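Coordinates in review
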Amino acid sequence: MITVFGEGRGFRVVWLLEEMGLAYRLRPVDLLAGVEQDAEFLAINPGGFIPAIQDGDVTMVESIAIMEYLMARHGPTPLAPDPHDPTFPAYQQFLHLGEAGLAASAYFVFGARYLAPQAERQNWSAGQALRVFQSRLRLVTRQLARSPYLAGERFTAADISVTYALEFAQRTRILALGDAEQAYVARTSGRPAYKRAMETCQATKAWAAEAARQ
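Residues numbered from 1 in each chain as written. Predicted model: local features only at pLDDT ≥ 70, side-chain atom pairs only at ≥ 80, totals over all residues. Heavy atoms only, no water.

Let's talk about the packing of aromatic side chains
All told, the structure shown has 12 aromatic pairs when counted by the stated rule. Consider the rings of W15 and Y194, whose centres lie 4.9 Å apart with planes at 85 degrees: the pair is edge-to-face. With W15 in helix α1 (residues 10–20) and Y194 in helix α8 (residues 192–200), this pair connects stretches of sequence that are 179 residues apart. A relative accessible area of 0% places W15 in the buried class. (Phe/Tyr/Trp six-rings, centres within 6.5 Å; stacked < 30°, edge-to-face > 60°. Helix = DSSP H or I, 4+ residues; strand = E, 2+ residues; numbered from the N terminus. Buried < 20%, exposed > 50% of the residue type's maximum accessible area, 1.4 Å probe, protein only.)

So this is what it looks like as structure tokens:
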């Protein structure tokens with residue numbers, strides 16, 4: 001049984017597990033309450049951030065690395081094109097861009113706008129992070145003009161990676177998505193595995209519902 005620790009970016013991992021049909025359990029981690037007293041989780045990840053997984057004797061952190069591990073260890077799966085497949089370069093690019101270019105940048109914009117002291121909410125670094133997000137989003141927009149999914153005609157793990165980032169930006173009001181991106185998110189989030197993942201991740205479901213009401 002694979003254990004997923006924490007939601008947040010852990011939603012990517014749960015969604016992937018649902019797509020692959022692998023057995024897992026979600027173990028909540030309450031970052032807002034603090035993890036200092038959560039000895040079980042800190043034994044898995046002494047850094048205290050989510051997500052993390054435990055798969056037998058294997059423990060891992062970082063959502064994209066976890067996804068690559070799961071597909072390699074428990075695959076093969078069409079969610080990860082073969083390296084000789086013509087779609088593989090685009091798949092690799094967007095799998096990593098979803099975190100390195102989009103979600104990580106959006107996270108720092110969110111932190112500045114909503115968590116920082118009032119005087120620091122429009123600081124230079126927050127502006128830089130937003131510009132990074134916007135520049136990487138242009139790559140997504142261009143790709144969606146070429147194909148329905150980021151690696152071509154079929155859904156892959158790259159779409160899980162990027163969809164999470166786009167939904168984070170949308171729910172936190174960091175940036176309004178264009179028509180192409182909104183249609184893309186509607187396509188990817190309409191998948192049965194996404195819906196099952198959302199039912200598992202109740203904190204994410206509640207956050208999404210609250211954001212939709214605002």
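Quick look at the sheet that holds strand β3 (residues 52–55)
One open sheet accounts for four strands, arranged β2-β1-β3-β4; its pairing is mixed. The open sheet terminates on both sides in strands that have one partner only, identified here as β2 (24–27) and β4 (58–61). Geometrically, the sheet is characterised by an average inter-axis angle of 20 degrees between neighbouring strands, direction not taken into account. The pairing of β3 with β4 spans four bridges and is classified as antiparallel. Bridge pairing links I53 to M60 in β4. In the packing of α1 onto the sheet, the strands contacted are β1 (2–5), β2 and β3, and the crossing angle to β1 comes to about 155 degrees. (Pairing = 2+ DSSP bridges. Axes fitted to C-alpha atoms, helices over the stretch in contact; angles between N-to-C directions. Contact = heavy atoms within 4.5 Å.)

Structural notes on the side chain of E181
Structurally, E181 is set in helix α7 (residues 179–189). An unpaired buried charge is present at E181: no salt bridge exists, and R187, the closest side chain of opposite charge, is 9.8 Å distant. Setting aside its immediate chain neighbours within four residues, E181 contacts L137, T141, L144 and L166. (Lys, Arg positive; Asp, Glu negative; His and termini not counted. Salt bridge = Lys/Arg side-chain N within 4 Å of Asp/Glu carboxyl O.)

Concerning helix α3 (residues 63–74)
End to end, α3 covers 16 Å across 12 residues, agreeing with the expected 16 Å (1.5 Å per residue, within 8%). Residues of α3 that are buried: S63, I64, I66, M67, Y69, L70 and M71. Packing partners of the buried residues in α3 comprise β1, α1, β3, β4, α4 (88–115) and α6 (157–171). (Expected span 1.5 Å × (residues − 1).)

Keep in mind that these numbers describe shape and distance, not what the molecule does.
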